[in-house]
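Examination of the molecular architecture
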Amino acid sequence: MLTKIWGAASAIALLVGAGTAAAAPVKIDMWFGNTGDIAKRVGEQCDRFNASQTDYQIVCTSQGSYDASLQNTIAAFRAGQQPTIAQVSDVGTLDIMLSGAFYPAEKLMKDNGYTIDWNDYFGGIRSYFATSAGEMYSFPFNSSTALLYWNKDAYAKIGKTEAPATWEEAAADFKALKAAGYSCPLGFNISSNEVWQYEEQFLAVHGEPNATLNNGYDGLGAEMVFNRGKWVQFVRDLKSWYDAGAAVIKSKETGQTFVDAFAAGDCQTILTSVGDHGAIGRTAKEGMNWGVAMLPVYEGTERKNSLVGGASLWVLAGKSEPEYKAAAAFLNFIAKPEEALTWSTVTGYIPVRQSGFEYLKNQGFYDKAPYAGREIAIQSLTVTPPTGVTRGNRLGGLLQIRNEIANGLQAIFIQNADVQTALDDAATRSNAILRRFEQTYEGKQLP
């Protein structure tokens, strides 16, 4: 797609009743990866910006997936046809950081006369998209974290009024739900798309590393270490629940995703993004009483903050000054507290700034039934200040690494492979990906 720049010489129109001419608005493109209902909501946000002023017009186009958005953006940049703004998911952050093919967020806004309180962003969100010196390179956009969703009516039948806070408690609850006649106490999936909540988020809240060098933040020489520590025990426990019928794999391939199964009342517990809160609220079985809670931890664990997920908006290099002015105006628009309210209302994603969160609270947003509980995501992200291993994962080829972890889980759950052996093998394959990435960017220093 070739970005069109409309200057004052194009599409000149005479103002009614005046002898002066008005220039057509500067048009810019934004590519994003969301689909379905969220894609519709992104489009609505772009429309609100266009309606709010007459100087600029943004055209927002879904690329079909996060991965496609990143790959299409890279290909377009090489061809000199890149959009002005591109949405990049968390897994692509390091790739675009090292490419240098962007206009740093802080510099963009300063150069265009906007004063931004960058410390207003929640620490766990800010640190993921910032350099080691704290400079923001991109704009957090659709941010989320993982939560436990539970069917309160089902849990009431086993005498429970609170969600399980520990995995030991959860194990007992799953067993009791199974005994009470529920066929799917825990619905889960082991695909690469779900590794985020079951592996990366688990490690973060337990304060354990996914990789050495502070999950890659301290250099490209990191090695995966998920095959050590408490996560190995969790995989063993999850497999035992699966073998006992207390945990059931739910996916498109089985005819029903675990999110759909929860909304239908077929599964009583799931782990998924707060971004699914809105969809579950709209599709939940009539009369179903459900809620969310922070992810459980093993007994004796000092809980740490969970990780931010989702994606951010990057402004790409190689565009004109008018296009950058348009990009800055759009990014300033979506940062307004009023937009945070609208965005959180129609999606499930959380406000990325403290001011936006306070605005939602003051508006009584979290007191309303469809949205009650979403504030728990903020609590989970901020329960502690980010540590060296709870900032996120700055790893090259992270999408491929998730695939290798998922392959290891497939071997364990489908082929009954030994847990430790399968995880060790997945770590070895993942480290090979890291070494290839390191060779690609040999001599590069992480920003």
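Remember, it's a predicted structure, so these values are computed and weren't measured experimentally.

1. Section: the confidence of the model for the protein
Reading fine detail from the predicted coordinates is not recommended where pLDDT is low. With 95% of its residues at a pLDDT of 70 or more, the protein shows a mean pLDDT of 91. With pLDDT under 50 throughout, residues 1-20 is counted as low confidence; its partners more than four residues away or in other chains account for 32 contacts.

2. Here's the deal with the state of the cysteines
Linking two cysteines covalently through their sulfur atoms gives a disulfide. Applying the stated criterion across every chain, the model contains 2 disulfides. Here cysteine 46 connects covalently by a disulfide to cysteine 60, the sulfurs 1.9 Å from one another. Disulfide cysteine 46-cysteine 60: the torsion about the S-S bond is -90 degrees, which places it as left-handed. Taken together, the residues cysteine 46 in helix H1 (residues 36-52) and cysteine 60 in strand E4 (residues 56-62) connect sequence positions 14 residues apart. The exposure class of cysteine 46 is buried, given its relative accessible area of 3%.

3. A word on the pattern of salt bridges
With the rule as written, the count across this model stands at 15 salt bridges. Note that aspartate 173 and lysine 160 form a salt bridge whose closest N and O atoms lie 2.8 Å from each other. Of this pair, aspartate 173 sits in helix H7 (residues 167-179) while lysine 160 sits in the loop between helix H6 (152-156) and H7, and the two are 13 residues apart along the sequence. A relative accessible area of 18% means that lysine 160 is categorised as buried. Residue glutamate 438 is joined to arginine 435 by a salt bridge in which the shortest nitrogen-to-oxygen separation is 2.8 Å. Of this pair, glutamate 438 and arginine 435 both sit in helix H18 (residues 419-440), 3 residues apart, which is roughly one turn of the helix. What makes arginine 435 partly exposed here is its relative accessible area of 23%. Residues joined in a network through salt bridges with shared partners are Asp37, Arg41, Glu44 and Arg282.

4. Structural notes on the packing of H1 against helix H14 (residues 337-346)
With their axes 10 Å apart at the nearest point, H1 and H14 run at an angle of 160 degrees to one another. Classed by the angle they form, the pair H1 and H14 counts as roughly antiparallel. Pair H1 / H14 crosses with right-handed handedness. Residues Asp37, Arg41, Val42, Gln45 and Arg48 of H1 touch H14, and the partners they reach there are Glu339, Thr342, Trp343 and Val346.

5. Details of the layout of surface pockets
Computed from the structure, the largest pocket encloses a volume of approximately 1600 Å³. Lining the largest pocket are 46 residues, and of these Tyr66, Asn193, Glu194, Asp276 and Tyr349 lie nearest its centre. Within the lining of the largest pocket, the residues separate by chemical class into 13 nonpolar, 23 polar and 10 charged. Here the second largest pocket is characterised by a volume of approximately 590 Å³. Lining the second largest pocket are 23 residues, with Leu70, Gln71, Ile74, Asp95 and Tyr441 sitting closest to its centre. Broken down by secondary-structure element, the contributors of at least two residues to the lining of the second largest pocket are helix H2 (66-78), helix H3 (93-99), helix H17 (398-415) and H18. For the lining of the second largest pocket, the element with the highest residue contribution is H2, accounting for 7 residues. Looking at the lining of the second largest pocket residue by residue, the class counts come to 12 nonpolar, 7 polar and 4 charged.

6. Re the nonpolar core
Among the nonpolar cores identified, the biggest contains 67 residues, and Met30, Ile85, Leu108, Phe139, Leu313, Phe330 and Leu331 are the most heavily contacted of them. A total of 9 residues in this core trace back to one element, the largest contributor, which is helix H13 (residues 321-334). Sequence-distant contacts of leucine 313, defined by excluding residues within four places in its chain, comprise Met30, Ile85, Ala86, Gln87, Ser138, Phe139, Phe141, Phe330, Leu331 and Ile334. With 53 residues, the next largest nonpolar core counts Ala146, Leu186, Ala222 and Ala247 among its residues.

7. Description of the sheet that holds strand E8 (residues 146-151)
With respect to topology, 3 strands assemble into an open sheet ordered E11-E8-E12, the strand pairing being antiparallel. The sheet terminates laterally at strand E11 (269-273) and strand E12 (290-293), the two strands that pair on one side only. Taking the axes of each pair of neighbouring strands and ignoring which way they run, one obtains an average angle of 30 degrees across the sheet. In this sheet, E12 lies alongside E8 in antiparallel orientation, the contact comprising 4 bridges. The residue of E12 that forms the bridge with asparagine 151 is tryptophan 290.

8. Digging into the environment of alanine 426
Within the fold, alanine 426 resides in helix H18. Alanine 426 sits in the buried class, given a relative accessible area of 0%. Remark: the alpha-carbon pair of alanine 426 and alanine 165, spanning 261 residues in sequence, is separated by 29 Å. Residues in contact with alanine 426, not counting those within four places in the same chain, are Phe226, Glu404, Ile405 and Gly408.

Basis of the calculations
Residues numbered from 1 in each chain as written. Predicted model: local features only at pLDDT ≥ 70, side-chain atom pairs only at ≥ 80, totals over all residues. Heavy atoms only, no water. pLDDT = per-residue confidence, 0-100. Contact = heavy atoms within 4.5 Å. Disulfide = S-S within 2.5 Å. Helix = DSSP H or I, 4+ residues; strand = E, 2+ residues; numbered from the N terminus. Buried < 20%, exposed > 50% of the residue type's maximum accessible area, 1.4 Å probe, protein only. Salt bridge = Lys/Arg side-chain N within 4 Å of Asp/Glu carboxyl O. Axes fitted to C-alpha atoms, helices over the stretch in contact; angles between N-to-C directions. Parallel < 35°, antiparallel > 145°, perpendicular 65-115°, else oblique. Left-handed = near helix turned anticlockwise from the far one by under 90°. 1 Å grid on protein atoms, 1.4 Å probe; cavity = no way out; pocket = protein on both sides within 12 Å on 5 of 7 lines; lining within 4 Å. Points joined across faces, edges and corners; volume = space filled by probe spheres on them. Nonpolar A, V, L, I, M, F, W, Y, C, P; charged D, E, K, R; others polar. Core = buried A, V, L, I, M, F, W, Y, C linked by side-chain atoms within 4.5 Å. Pairing = 2+ DSSP bridges.

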